[in-house]
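Now for the letters of each chain:
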Amino acid sequence: MNNHQYTKYLFDNVKKISFANPGVIRDTYGVGENLTHKFLIKELSNFTKDIIIDFGGNFLATYEGKIKKKVVVGSHLDSQKHGGNFDGLAGVIMGIVIIKYFHEKKIKPKYSIAVMGIRGEESCWFPYSYIGSKIALGQFDKKLLHSLKRSDTKKSLYYHINKAGFNSNKVSKNKVNFDISNFKYFIEPHIEQGPVLEKKKIPLGIVTGIRGSFRYRDAICKGEYLHSGATPFDYRKDSVVAVSMLINEMNIFWQNQLKKNKDLVITFGQFFTDQKEHSFAKSSGLVNFCIDVRSNSNNTLKFVNRTLIKKIQSIEKKTNTKFFLGKETNSQPALMSKKLISIFQKYSKEKSIKFETMASGAGHDASVFANYGIPSLMLFIRNKNGSHNPKEYMSIKQFMEVFKVLCGTIENNYF
């Protein structure tokens, strides 16, 4: 098979083994993710025998170059529940096809090339981002092994790592299987999850930075259930009104911050009353909601969090309600390597491949490697219909355009 055919073969087979109508399910340390890792490791064994699996189930397959230092190409292999087939998977497959190319051409590149398949990036399964990449670098907080529960099974991360055949005890001691000192660069090809490249008809995005975040996933507002007709305005304790006020005020605040050129996104992704108690004839006494705030600036994230708390305190007094935000989770912003950005801009211009230099609004494993101190870069692939949904669509043609850039920079010793 040529590279185009082999790429399609890999995507099609992973879709078959993780298919869930609609879309795919590659659950973290579950059947879908496990089968995907197993299949891709088997494929990689055709091109290299140097394949290591760490204590948390991440794999690293290396094609030897003239120098032991490695250009690591990788991404995550888990998916959202009923997600698309390309999110995360595209980056690992691109690494595999690059190794296939060098193996078949019998080319020994300057640096060794490694493909990394990462576990547990999506936080829909466990309420925590970048599980696999933090385990791979020995940066995972061992306390979370027992406290993090999977959303569907309610069993701990510790349990699921062991059940999948790996070693939670070693993970708890931050034991690392990979020789991280030989990681020269980390490059993560990934579908763009927004509309920019598709609207501009450009195949490649060269990413400058990745937003960090703070999140309150299980926030609630408590008021009182009171008769909708018999309770005057001044006596109400309406939680729907209170949360609505918060959403409106934070939305206005967001717009004002954008006018000041602050990088910021604020999302209230869930907002619901209690189905067992709510009624047409009651004001609501309970609202569940979540907040997701993202920015490329730690100072902005801290400022927004303080603002959120102040607005809640004010709204509580106005509405006679009480907010409980619950546990906060967060991730750190990360800047991509200026050297790598420059290399890929230069090569793309020389080969007349159009690109957009852009920031990433979503979080990615590359941020963990960058903040660890490994020069890192993300390459976005043009993609239709957004992401985290079954209609996600990346054409193999667009994939191969980015493949040409990444493979070409390695083959022609641009590093």
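In what follows, the accompanying structure is described. This structure is a prediction, so every number in the text was calculated from the model and none was measured.

Quick look at the overall build of the chain
Reasoning step 1: Per the secondary structure count, the chain includes 13 helices and 17 strands.
Reasoning step 2: The C-alpha radius of gyration of the chain comes to 23 Å, within 12% of the 22 Å expected for a compact globule of 415 residues.
Reasoning step 3: Considering only contacts in the chain between residues 6 or more positions apart, those separated by 24 or more positions represent 78%.
Reasoning step 4: For the chain, the exposed surface amounts to about 18,800 Å²; the carbon and sulfur share of it is 51%.
Reasoning step 5: When the 64 basic and 35 acidic side-chain charges of the chain are each reduced to a single mean position, those positions are 4 Å apart.

A closer look at unusual backbone geometry
A negative phi angle characterises most non-glycine residues, just as the trans form characterises most peptide bonds.
Reasoning step 1: For the bond from asparagine 21 to proline 22, the omega torsion is 5°, close enough to zero to count as cis.
Reasoning step 2: Among the secondary structure elements, proline 22 is positioned in the loop between helix H1 (3–17) and helix H2 (31–44).
Reasoning step 3: Located in the positive-phi region is asparagine 174, a residue other than glycine, with phi close to 55°.
Reasoning step 4: Tracing the backbone through its elements, the reader meets asparagine 174 in the loop between helix H7 (168–172) and strand S5 (183–191).
Reasoning step 5: Although it is not a glycine, asparagine 320 sits at a positive phi angle of roughly 55°.
Reasoning step 6: Note that asparagine 320 resides in the loop between helix H10 (298–319) and strand S13 (322–324).

Quick word on the side chain of serine 367
Reasoning step 1: Inspection of the secondary structure puts serine 367 in helix H12 (residues 366–372).
Reasoning step 2: Overall, the relative accessible area of 2% leaves serine 367 in the buried class.

Structural notes on the pattern of salt bridges
Reasoning step 1: Within the structure shown, the criterion is met by 15 salt bridges.
Reasoning step 2: Where glutamate 249 meets lysine 311, a salt bridge forms, and the shortest distance between an N and an O atom there is 3.7 Å. Of the two residues, glutamate 249 sits in helix H9 (residues 239–259) while lysine 311 sits in helix H10, which places them 62 residues apart along the sequence.
Reasoning step 3: For glutamate 249, a relative accessible area of 23% puts it in the partly exposed group.
Reasoning step 4: Lysine 311 gets classed as partly exposed once you look at its relative accessible area, which sits at 21%.
Reasoning step 5: The network of salt bridges with common partners includes Asp27, Arg150 and Asp152.

Considering the packing of aromatic side chains
Reasoning step 1: Under the defined criterion, the tally for this structure stands at 18 aromatic pairs.
Reasoning step 2: Between phenylalanine 344 and phenylalanine 415, the aromatic rings sit 6.0 Å apart at their centres with planes inclined by 55°, giving tilted as the arrangement. Here the residue phenylalanine 344 occupies a position in helix H11 (residues 338–350), and phenylalanine 415 occupies one in the segment after helix H13 (396–411), the gap between them amounting to 71 residues.
Reasoning step 3: By relative accessible area, which is 0% here, phenylalanine 344 ends up buried.
Reasoning step 4: Since its relative accessible area comes to 11%, phenylalanine 415 is described here as buried.
Reasoning step 5: Members of the aromatic cluster, connected to one another through ring pairs, are Tyr6, Tyr9, Phe39 and Phe47.
Reasoning step 6: One residue, lysine 155, lies across the ring of tyrosine 159, its end atom 5.0 Å from the ring centre.
Reasoning step 7: Seen from the ring of phenylalanine 324, lysine 222 lies directly overhead, with NZ or CZ sitting 5.6 Å from the centre.

Comments concerning the nonpolar core
In globular proteins that are soluble, nonpolar side chains generally tend to be buried together.
Reasoning step 1: Leu40, Met336, Phe344, Phe399 and Phe415 are the most contacted members of the largest nonpolar core, which has 82 residues in total.
Reasoning step 2: Looking at this core element by element, the count peaks at 11 residues for helix H3 (residues 89–105).
Reasoning step 3: Beyond its immediate chain neighbours, meaning those up to four positions away, methionine 336 contacts Val207, Thr208, Gly209, Ile210, Ile341, Ala366, Ala370, Ser376, Leu377 and Met378.
Reasoning step 4: Grouped together as the second largest cluster of nonpolar side chains are 24 residues, Val287, Val293, Val304 and Ile315 included.

Points about H10
Each turn of an α-helix holds 3.6 residues, which means side chains three or four residues apart point in the same direction.
Reasoning step 1: If you check H10, its first and last C-alpha atoms are 32 Å apart, about what 22 residues at 1.5 Å a residue would give, namely 32 Å.
Reasoning step 2: Listing the buried residues of H10 in full gives Thr300, Leu301, Val304, Asn305, Thr307, Leu308, Ile312, Ile315, Glu316 and Thr319.
Reasoning step 3: Each element contacted by the buried residues of H10 is listed here: strand S7 (212–222), H9, strand S9 (265–267), strand S12 (286–295), S13 and strand S14 (328–331).
Reasoning step 4: Capping the start of H10, serine 297 holds a side-chain oxygen 3.3 Å from the backbone nitrogen of asparagine 299, two or three residues further along.
Reasoning step 5: A positive backbone phi angle near 55° is found at asparagine 320, which sits one or two residues after H10.

Remarks on the packing of H3 against H13
Reasoning step 1: Two numbers describe how H3 lies on H13: the axes approach to 10 Å, and their chain directions differ by 50°. Between H3 and H13, the angle falls in the class oblique. Crossing of H3 over H13 shows right-handed handedness. For the pair H3 and H13, the contacting residues are Ala90, Ile93, Met94, Val97, Ile98, Tyr101 and Phe102 in the first and Phe399, Val402, Phe403, Leu406, Cys407, Ile410 and Glu411 in the second.
Reasoning step 2: Taken together, the residues of the contact of H3 with H13 break down into 13 nonpolar, no polar and one charged.

Quick notes on a nonpolar patch on the surface
Reasoning step 1: A contiguous nonpolar patch, built from Ile17, Val31 and Leu35 and spanning about 240 Å² of accessible area, is present on the exposed surface.
Reasoning step 2: One can find isoleucine 17 in helix H1.
Reasoning step 3: Since its relative accessible area comes to 34%, isoleucine 17 is described here as partly exposed.

So, how was this worked out
- Residues numbered from 1 in each chain as written.
- Predicted model: local features only at pLDDT ≥ 70, side-chain atom pairs only at ≥ 80, totals over all residues.
- Heavy atoms only, no water.
- Helix = DSSP H or I, 4+ residues; strand = E, 2+ residues; numbered from the N terminus.
- Rg over C-alpha atoms; globule rule 2.2 N^0.38 Å.
- Contact = heavy atoms within 4.5 Å.
- Areas by Shrake-Rupley, 256 points an atom, 1.4 Å probe, with all protein chains shown as cover.
- Lys, Arg positive; Asp, Glu negative; His and termini not counted.
- Charge placed at Lys NZ, Arg CZ, Asp CG, Glu CD.
- Buried < 20%, exposed > 50% of the residue type's maximum accessible area, 1.4 Å probe, protein only.
- Salt bridge = Lys/Arg side-chain N within 4 Å of Asp/Glu carboxyl O.
- Phe/Tyr/Trp six-rings, centres within 6.5 Å; stacked < 30°, edge-to-face > 60°.
- Lys NZ or Arg CZ within 6 Å of the ring centre and 35° of its normal.
- Core = buried A, V, L, I, M, F, W, Y, C linked by side-chain atoms within 4.5 Å.
- Expected span 1.5 Å × (residues − 1).
- Polar contact = N/O pair within 3.5 Å; in protein donor to acceptor, adjacent residues only side chain to side chain.
- Axes fitted to C-alpha atoms, helices over the stretch in contact; angles between N-to-C directions.
- Parallel < 35°, antiparallel > 145°, perpendicular 65-115°, else oblique.
- Left-handed = near helix turned anticlockwise from the far one by under 90°.
- Nonpolar A, V, L, I, M, F, W, Y, C, P; charged D, E, K, R; others polar.
- Patch = residues over 30% accessible without salt bridge, like charges linked within 9 Å, V, L, I, M, F, W, Y side chains within 5 Å.

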